[in-house]
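What follows is the residue order along each chain.
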Amino acid sequence: MTAPARRELVRHLIAGGMSERQSLRVVNMSASPLRYRPRADRNVELREHIVRLAQQRATTGARNLAAALTAMMEGAYQLASATCDVMPAGYAAEEALRWVRLSILATDGASRG
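Residues numbered from 1 in each chain as written. Predicted model: local features only at pLDDT ≥ 70, side-chain atom pairs only at ≥ 80, totals over all residues. Heavy atoms only, no water.

Student: An account of the confidence of the model for the chain is requested, with residue identities and associated values reported.
Tutor: Within the chain, residue pLDDT values average 75, and 65% of them lie at 70 or more. Per-residue pLDDT stays below 50 along residues 84–88; that stretch engages in three contacts with residues further than four places along the chain or on separate chains. (pLDDT = per-residue confidence, 0-100. Contact = heavy atoms within 4.5 Å.)

Dropping the structure here:
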């Protein structure tokens, strides 16, 4: 059973008159996942751009796609830096791209090892 399904079940039991602690015990769940509120996804544009790049360059590997995306983002960052004094809007996307690159390297190393 997934965490969202468990949360829904606990909320249903609470609405039926059972205490929160009892409901959590019945479902075998701690209080932290019950109170968890997911944050909004800040990298929707980055994900869409990666998918577009992958569709345009179907024979290109993940490492080369990451390199191409990095080059595009560095160009956009330099352009934004030259035209304004604030951090560009794509800063969250840059953080996500760094994570993507690290995960590609980790996956690549694990598959060779």
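Here the narrative resumes.
Student: Lay out unusual backbone geometry in plain terms, naming residues and giving numbers.
Tutor: One non-glycine residue, N28, lies in the positive phi region at around 60°. Accessibility expressed as a relative area gives 64% for N28, which makes it exposed. (Buried < 20%, exposed > 50% of the residue type's maximum accessible area, 1.4 Å probe, protein only.)

Student: Mind laying out helix α1 (residues 3–15), listing which residues take part and the relevant values?
Tutor: Relative to the 18 Å expected for 13 residues at 1.5 Å per residue, α1 spans 18 Å between its end C-alpha atoms, a close match to the ideal helical length. Following α1 by one or two positions, G17 adopts a phi angle in the positive range, close to 115°. (Helix = DSSP H or I, 4+ residues; strand = E, 2+ residues; numbered from the N terminus. Expected span 1.5 Å × (residues − 1).)

Student: Residues and numbers for helix α2 (residues 20–27), please.
Tutor: Residues S23, L24 and V27 constitute the buried set of α2. Projected onto a plane normal to the axis of α2, the buried residues spread over an arc of 100° and lie on a single side. Of the exposed residues in α2, the ones pointing more than 90 degrees away from its buried face are R21, R25 and V26. Buried residues along α2 sit against α1 and α3 (31–35). (Arc of directions from axis to C-beta.)

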